[in-house]
Amino acid sequence: MRFSSASLALAALLLPSLASANFAPTRHSPPPVKKPPKVSCTLKATGHDDAPQFLEAAKACSTVTIPKSTTLNIQTRMNMTGLRDVHINLEGTVKFSDNIPYWSGNGFFIPFQTQITFWLLGGENIVLDGGGTLDGSGQLWWDTFASNSSLLRPITLTIFQAKTVRVENIRMINSPEWHNLVNEGQDVVFNKINISSLSTSSHGAANTDGWDIYRSDNVAITNSVIVNDDDCVSFKPNATNILVENLDCTGSHGISVGSLGQFAGMFDIVENVLAKNVKMTNAQNGARIKCWAGPNVGSGIVKNITFENFVETAVQNPIVIDQCYMTNATACAQFPSNTIIQDVWFNNITGTGTSSTVASLSCSPDGRCSDINVNDIHLAGPSGTAKFSCQNVNITGNAASLFPTCTVT
Ligand SMILES: *[C@@H]1O[C@H](CO)[C@@H](O)[C@H](O)[C@H]1NC(C)=O
Ligand SMILES: *[C@@H]1O[C@H](CO)[C@@H](O)[C@H](O)[C@H]1NC(C)=O
Ligand SMILES: *[C@@H]1O[C@H](CO)[C@@H](O)[C@H](O)[C@H]1NC(C)=O
Ligand SMILES: *[C@@H]1O[C@H](CO)[C@@H](O)[C@H](O)[C@H]1NC(C)=O
Ligand SMILES: *[C@@H]1O[C@H](CO)[C@@H](O)[C@H](O)[C@H]1NC(C)=O
Ligand SMILES: *[C@@H]1O[C@H](CO)[C@@H](O)[C@H](O)[C@H]1NC(C)=O
Ligand SMILES: *[C@@H]1O[C@H](CO)[C@@H](O)[C@H](O)[C@H]1NC(C)=O
Ligand SMILES: *[C@@H]1O[C@H](CO)[C@@H](O)[C@H](O)[C@H]1NC(C)=O
C-alpha cells in the first residue's frame, strides 16, 4: 500500500489509541463502525497489482483519491463489500488486466445467468465519482469469446448488497461483458456516465450491456451517453422503482424489460419503471418487454412500465412486446407465458425503423397482457411507410388506431 499524502493519518488510524485521540467522532449516534471520519488517502500506482492497496484504502479511508495522472492496474479480484461512508474519488484510471486464465477462473461468480465480475462494491453510503475511467480491457475478451462461447467474461462493476450509492461523472470503456450490474441494491444512482465499448476487430463487443438491474429497488440512471453492443439498460428479475432519464444510446439492443420468466420455479417482478427522454440510434430495439413462454419456464409480473419521449433513429424494432420470447407459436399456444404484463405506456415515441414493422405488440394467448397504452406514436419505416402488428392484446390510447385488429392465436 502506498499513500502519498495521508500516510500519517493512516498510520494513526491503524494504531487504535492514536486514532481515538486524533479523530474524535463528529456524530453521536450511531458511532462510526470501522474508522474515524474524514481520512483522505491518495493512491499511487505500485507498478504491480494495485488491487490490494485499493481494497485496503477502501476499508481504512473515508476518501480514496486516484489522481488524474494515475492508472491503477487491477490484476486480482476486488471484494469491496461491507463499506460504510466511503468516497472513491476516481480522477485517474482503474484498469483491469486482460489475463483471461486468471479472471475466468477467479472472477466473483454471479449465479444469475452464470456470470462473473471483476469488482464487488457494496455496503452503505458509497460515492464513486471524480471524472476518471474504468477500463475493462475488453478487446482480447471479445476476440477470444468469438471462438469460445463458453468463456465467462467479467462484468466490470457490480454494485452488490448496497444501500445508498452514487456513481457519477465516470467514464467506462471496453468492458469484457456487462458494464454495470446492480445486484441487491437499494437507492442507487448513476448520473453522468459515459460508456463506450467499441471493438477494433471484426468481432463485436458482445454482451456489453450498459446496466442490468437485478433484485434491486429505487435505482436511477440519468444523463448518460452509451455506445455499446447489447442492451443499453435492462431490467432483470425483481427490479422495482426505476428511473431512466436523459440517455443517449447508440448501437445497443435498447431499453429492455427482461427477459423475464426464464427459469422454472422462479417468480420475476419488474414494477414501476419510468424510462423517459431517451435517444436511441442504430439499435436493434427501442423500448422492449420480453417474457418467456413455453414448457418448463418461470412466472412473474411486469407492471406499471412507461416508455416516454423516445427519439429513435435507424432502430430495427422501435417498440416491442414479446410475450412468447424464444418460444414458437405452437408451444406458446400450448404453454402461454405465466409472466403477466399489465399497465404499460408507450408515449411520444418518434423516429425511424429499419424494418417495415415499427411496432410489434405480441402477447401470449389467453389474455396475459392488459392495459397496454400507446400515445403519440410517430414512427416511419425504411420506405416511409410503417407497419404496426399485434396479437392477443387490446390496445388503448390515441395511437391505438395505427394498429390493425389484433390476431388472436
Ligand atoms: C467478500 O468479503 C466479505 C467479508 O468482507 C465476505 O463475507 C464475503 O463472503 C466475500 N464475498 C465473496 C463473494 O467472496
Ligand atoms: C473456453 O472457455 C472455457 C471457460 O473459460 C475454458 O474452460 C475452455 O477451455 C475454453 N475452450 C477453448 C477451446 O479454449
Ligand atoms: C462525458 O462526455 C461529455 C461529452 O460528451 C464530456 O463533456 C464529459 O466530460 C464526459 N465525462 C466523463 C466522465 O468522461
Ligand atoms: C422476487 O420477489 C418475490 C417477492 O418478494 C419473490 O417471491 C421472488 O422469489 C423474487 N424473485 C427473484 C428472482 O428474486
Ligand atoms: C408507476 O411507476 C412510476 C415510476 O416508478 C411511479 O412514479 C408511480 O407511482 C407508479 N404508479 C403506481 C400506481 O404505483
Ligand atoms: C416528445 O418527445 C420529444 C423528444 O424527447 C420532446 O422534445 C417533446 O417535448 C415531447 N413531447 C411532449 C408533448 O412531451
Ligand atoms: C416448438 O417448440 C417445441 C417445444 O419447445 C418443440 O418441441 C417443437 O418442435 C417446436 N416446433 C416447431 C415447429 O419448431
Ligand atoms: C379484449 O377485450 C375483450 C372485451 O373486454 C375481452 O373479451 C378479450 O378477452 C380481450 N382480449 C385480450 C387479448 O385481452
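Residues numbered from 1 in each chain as written. Chains lettered and ligands numbered in written order. Predicted model: local features only at pLDDT ≥ 70, side-chain atom pairs only at ≥ 80, totals over all residues.

- For the chain, an unreviewed UniProt entry supplies the name galacturonan 1,4-alpha-galacturonidase and the organism Gymnopilus dilepis.
- Within the UniProt record for the chain, the comment given under Function (unreviewed entry) is "Specific in hydrolyzing the terminal glycosidic bond of polygalacturonic acid and oligogalacturonates."
- Check the Catalytic activity (unreviewed entry) section of the UniProt entry for the chain; it says "[(1->4)-alpha-D-galacturonosyl](n) + H2O = alpha-D-galacturonate + [(1->4)-alpha-D-galacturonosyl](n-1)". (UniProt positions renumbered as here; feature names shortened; annotations may be inferred.)

### Examining the overall build of the chain
- Assigned secondary structure in the chain consists of 6 helices and 22 strands.
- The buried share of the chain, taken over its 409 residues, is 46%.
- For the chain, long-range pairs separated by at least 24 residues make up 71% of all intrachain contacts whose partners lie at least 6 apart in sequence. (Helix = DSSP H or I, 4+ residues; strand = E, 2+ residues; numbered from the N terminus. Buried ≥ 20, exposed ≤ 12 C-beta atoms within 10 Å, placed from the backbone. Contact = placed C-beta atoms within 7 Å.)

### Some words on the nonpolar core
- Judged by nonpolar contacts, the single largest core of 107 residues is most densely connected at Leu 121 and Ile 289.
- A domain split of this core shows at least three residues from each of domain 1 (52-230) and domain 2 (271-408).
- Excluding anything up to four places from it in sequence, Ile 289 contacts Val 257, Gly 258, Val 302, Ile 305, Val 320, Ile 321, Ile 341 and Val 344. (Core = buried A, V, L, I, M, F, W, Y, C linked by C-beta atoms within 7 Å. Domains from an automatic or database assignment.)

### Some thoughts on the site of ligand 7
- The local shell around ligand 7 consists of Gly 294, Asn 328, Thr 330 and Ala 331.
- Considered class by class, the residues forming the shell around ligand 7 number 1 nonpolar, 3 polar and no charged. (Near = placed C-beta within 6 Å. Nonpolar A, V, L, I, M, F, W, Y, C, P; charged D, E, K, R; others polar.)

### Quick look at the pairing of strand β7 (residues 115-129)
- Counting buried positions over the 15 residues of β7 gives 11, a clear majority of the element.
- Pairing of strand β4 (residues 78-90) with β7, which is carried by 9 bridges, proceeds in the parallel orientation. Within β7, the residue paired with Ile 88 across the bridge is Leu 128.
- As paired elements, strand β6 (residues 108-110) and β7 share 3 bridges and run antiparallel to each other. Residue pairing in the sheet places Ile 110 in a bridge with Gln 115 of β7.
- Between the end of β6 and the start of β7, which pair antiparallel, lie 4 residues, with Gln 113 showing a positive phi angle near 55 degrees.
- The pairing of β7 with strand β9 (residues 154-173) spans 10 bridges and is classified as parallel. (Pairing = 2+ DSSP bridges.)

### What about the site of ligand 2?
- All residues adjacent to ligand 2 are Ser 104, Asn 148, Ser 150, Leu 151 and Leu 152.
- Counted by class, the shell around ligand 2 contains 2 nonpolar, 3 polar and no charged residues.

### Considering unusual backbone geometry
- In this structure, the amide linkage connecting Gly 258 to the following residue, Ser 259, adopts the cis form with an omega of 15 degrees.
- Positionally, Ser 259 belongs in strand β15 (residues 255-260).
- Although it is not a glycine, Asp 85 adopts a positive phi angle of roughly 50 degrees.
- Note that Asp 85 resides in strand β4.

### Side note on the environment of Ser 364
- Following the sequence through the fold, Ser 364 ends up in the loop between β19 (357-362) and β20 (369-380).
- A residue is classified by how many C-beta atoms lie within 10 Å of it, and Ser 364, with 29 of them, is buried.
- Taking the C-alpha atoms as reference points, Ser 364 and Asn 392, 28 residues apart in sequence, are found 6.3 Å from one another.
- With residues up to four places along the chain from it excluded, the contact list for Ser 364 reads Ala 293, Gln 323, Cys 324, Cys 332, Pro 336, Ser 337 and Asn 392.

### Concerning the domain arrangement of the chain
- Parsing the chain into structural domains produces domain 1 (52-230) and domain 2 (271-408).
- In this structure, domain 1 and domain 2 have C-alpha centres spaced 31 Å apart.

### Things to note about the environment of Ile 377
- Within the fold, Ile 377 resides in strand β20.
- Given 23 C-beta atoms within 10 Å, Ile 377 falls into the buried group.
- Separated by 27 residues in sequence, Ile 377 and Thr 350 place their C-alpha atoms 5.9 Å apart.
- For Ile 377, the contacting residues outside a window of four places in its chain are Phe 346, Ile 349, Ala 359, Ala 399 and Leu 402.

### With respect to the pairing of strand β10 (residues 180-196)
- Taken together, the 14 bridges between β9 and β10 define a ladder with parallel strand orientation. Across the sheet, Arg 166 pairs through a bridge with Val 189, a residue of β10.
- Pairing of β10 with strand β11 (residues 211-214), which is carried by 4 bridges, proceeds in the parallel orientation. Within β11, the position partnered with Leu 181 by the bridge is Asp 212.
- As defined by bridge partners, β10 adjoins strand β12 (residues 216-227) across 8 bridges and the pair is classed as parallel. Note that in β12 the partner of Ser 196 across the bridge is Val 227.

### Digging into the UniProt feature "active site" (unreviewed entry) in the chain
- As annotated in UniProt, the feature "active site" (unreviewed entry) corresponds to His 253 in the numbering used here.
- Tracing the backbone shows His 253 in the loop between β14 (239-250) and β15.
- Residue His 253 is classed as buried on the basis of its C-beta count, with 21 C-beta atoms lying within 10 Å.
- Beyond its immediate chain neighbours, meaning those up to four positions away, His 253 contacts Asp 230, Asp 231, Ala 283, Gln 284 and Asn 285.

### Topic: the environment of Ile 372
- Position of Ile 372 relative to the elements: it lies in strand β20.
- Under the C-beta neighbour-count criterion, Ile 372 is labelled buried, with 23 such atoms within 10 Å.
- C-alpha separation for the pair Ile 372 and Leu 157, spaced 215 residues apart in sequence, amounts to 35 Å.
- Once residues within four sequence positions are removed from consideration, Ile 372 is found in contact with Val 344, Leu 361, Val 393 and Ile 395.

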